[in-house]
Amino acid sequence: MFDVEAKDANIAITSLKIQIYTAGNAGVAEVWMRPGTHEGFAFSSTGWTKAAEHDFTNLPGWTMAEIPESSFTQTVDIAAGSRQAFYVTLPAESDVLYSAGVGSTSAIVAEDDHIRIYEGPAQVHQFCGQTGPRVWNGDMTYMKEGATITLSPTLKPTAFPTGNPTTVNPTKSPT
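This is a predicted model, so every value here is computed, not measured. (Residues numbered from 1 in each chain as written. Predicted model: local features only at pLDDT ≥ 70, side-chain atom pairs only at ≥ 80, totals over all residues. Heavy atoms only, no water.)

Q: Can you tell me about the overall build of the protein chain, naming the residues and giving the values?
A: Each helix and strand in the protein chain was counted, giving 0 helices and 14 strands. Each helix (α) and strand (β) of the protein chain, taken in turn from the N terminus, gives the series β-β-β-β-β-β-β-β-β-β-β-β-β-β. Going through the 175 residues of the protein chain one by one, you find that 44% of them count as buried. Taking all contacts inside the protein chain whose residues are at least 6 apart in sequence as the whole, residues at least 24 apart take part in 72%. With an accessible surface of roughly 9100 Å², the protein chain has 52% of that area assigned to carbon and sulfur atoms. (Helix = DSSP H or I, 4+ residues; strand = E, 2+ residues; numbered from the N terminus. Buried < 20%, exposed > 50% of the residue type's maximum accessible area, 1.4 Å probe, protein only. Contact = heavy atoms within 4.5 Å. Areas by Shrake-Rupley, 256 points an atom, 1.4 Å probe, with all protein chains shown as cover.)

In C-alpha cells, the structure reads:
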C-alpha cells in the first residue's frame, strides 16, 4: 500500500508497473484505491474500490510487469492537493517486490513537479498481515493537462552492464 498526492493539478493515473519476484504464472494482479490515505484502512476492503485486474502469465522472475490502462475498469483521478491510496496485490503464492523504507509513511519516496509517492506497508494479499513501511518498486504513468508522464520510485537494475551506448549517436558531453 502507498499514497499518491497530486501537488499542483488534477492528474489521471493511466498505468502502473510492478516488480514481481515469482517466475511463471504470477496470477491476477489487483489494484485497489481509496480517496485519502491508506492509514487506518489496511485490514479491510471497506471503502476501497477495485480499479484494475491484470493476469500475468509466463513471466521470468524479477520482472517489471505492466498493468496497462486497458486493465483499469474505471479512471483513477486525483484532484490537486488530494491524496489517493493504492493497494497493488497478487495472490498469496506470488510476490510484489518492495524495498525497505525509512520507517515512516510520511516519507516521500519519489516526486516530480506534479505528484508525490509516499512509503506504505507491504500488505499480504487481500488486506491481511503487513510489514513496516516499504518503498513500492514500480512505475506510475499519469496524465496532467494532456501530457503523459512516468514517475519511477526506484531505479530499475539491469541484469548485466550494457556494452554499447544507449543512444545511436552518443555525444561528447552530457545533455
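This is not the end of the story, as more comes after the structure.
Q: Lay out the sheet that holds strand S7 (residues 83–89) with the relevant residues and their values.
A: Pairing in this open sheet of 6 strands is antiparallel, and the strands run S4-S3-S7-S1-S10-S9 from one edge to the other. Here the strands that pair on one side only, and so sit at the sheet edges, are strand S4 (49–56) and strand S9 (108–111). On average, adjacent strands in this sheet sit at an angle of 20 degrees to one another, irrespective of strand direction. Note that strand S3 (residues 27–35) and S7 share 6 bridges and pair antiparallel. Its bridge partner lying in S7, Met33 is registered against Phe86. (Pairing = 2+ DSSP bridges. Axes fitted to C-alpha atoms, helices over the stretch in contact; angles between N-to-C directions.)

Q: Give a description of the pairing of S9 that names residues and reports values.
A: One ladder, built from 3 bridges, connects S9 with strand S10 (residues 115–118); its direction is antiparallel. Pairing of Ile108 across the sheet is with Tyr118, part of S10.

Q: Any details on the sheet that holds strand S11 (residues 120–123)? Residues and values, ideally.
A: In spatial order, the strands read S8-S12-S11; together these 3 strands make up an open sheet with antiparallel pairing. Single-partner strands in this sheet number two, and they are strand S8 (98–100) and S11. Direction aside, the axes of adjacent strands within the sheet are offset by 70 degrees on average. Of the strand pairs in this sheet, S11 and strand S12 (residues 130–136) are connected by 3 bridges, and their pairing is antiparallel. Bridge pairing in S12 links Pro121 to Pro133.

Q: I'd like to hear about the side chain of Asp112, residue by residue, with values.
A: Mapped onto the secondary structure, Asp112 falls in the loop between S9 and S10. No salt bridge forms around the buried Asp112; measuring N to O, its nearest opposite-charge neighbour Lys7 is 5.8 Å away. Among the polar contacts made by the side chain of Asp112, one reaches the side chain of Tyr142 at a distance of 2.5 Å. When near neighbours in sequence (up to four residues on either side) are disregarded, Asp112 contacts Lys7, Tyr142, Ile149 and Leu151. (Lys, Arg positive; Asp, Glu negative; His and termini not counted. Salt bridge = Lys/Arg side-chain N within 4 Å of Asp/Glu carboxyl O. Polar contact = N/O pair within 3.5 Å; in protein donor to acceptor, adjacent residues only side chain to side chain.)

Q: Account for the environment of Ile67, with residues named and values stated.
A: If you trace the backbone, Ile67 turns up in strand S5 (residues 63–67). The class of Ile67 is buried, set by a relative accessible area of 0%. As a C-alpha pair, Ile67 and Met140 span 73 residues in sequence and 9.8 Å in three-dimensional space. Ile67 has contacts with Ser15, Leu16, Ile18, Ala29, Val31, Ala52, His54, Phe56, Phe72 and Val88, leaving out every residue within four places of it along the chain.

Q: So what about the packing of aromatic side chains? Which residues, and what values?
A: Scanning the entire structure with this criterion turns up 4 aromatic pairs. Here the aromatic rings of Phe2 and Phe86 are separated by 5.6 Å at their centres, their planes lie at 15 degrees, and the arrangement is stacked. Separated by 84 residues along the polypeptide, Phe2 in strand S1 (residues 2–6) and Phe86 in strand S7 bring together distant segments of the chain. Per residue, the accessibility class of Phe2 equals that of Phe86, and both read buried. Here Trp48 and Tyr87 contribute two aromatic rings whose centre-to-centre distance is 6.3 Å and whose plane-to-plane angle is 70 degrees, an arrangement assigned as edge-to-face. Taken as a pair, Trp48 in the loop between S3 and S4 and Tyr87 in strand S7 lie far apart in primary sequence, 39 residues in all. Per residue, the accessibility class of Trp48 equals that of Tyr87, and both read buried. If you follow Arg34 out to its NZ or CZ, it ends over the ring of Phe41, 3.6 Å from the centre. (Phe/Tyr/Trp six-rings, centres within 6.5 Å; stacked < 30°, edge-to-face > 60°. Lys NZ or Arg CZ within 6 Å of the ring centre and 35° of its normal.)

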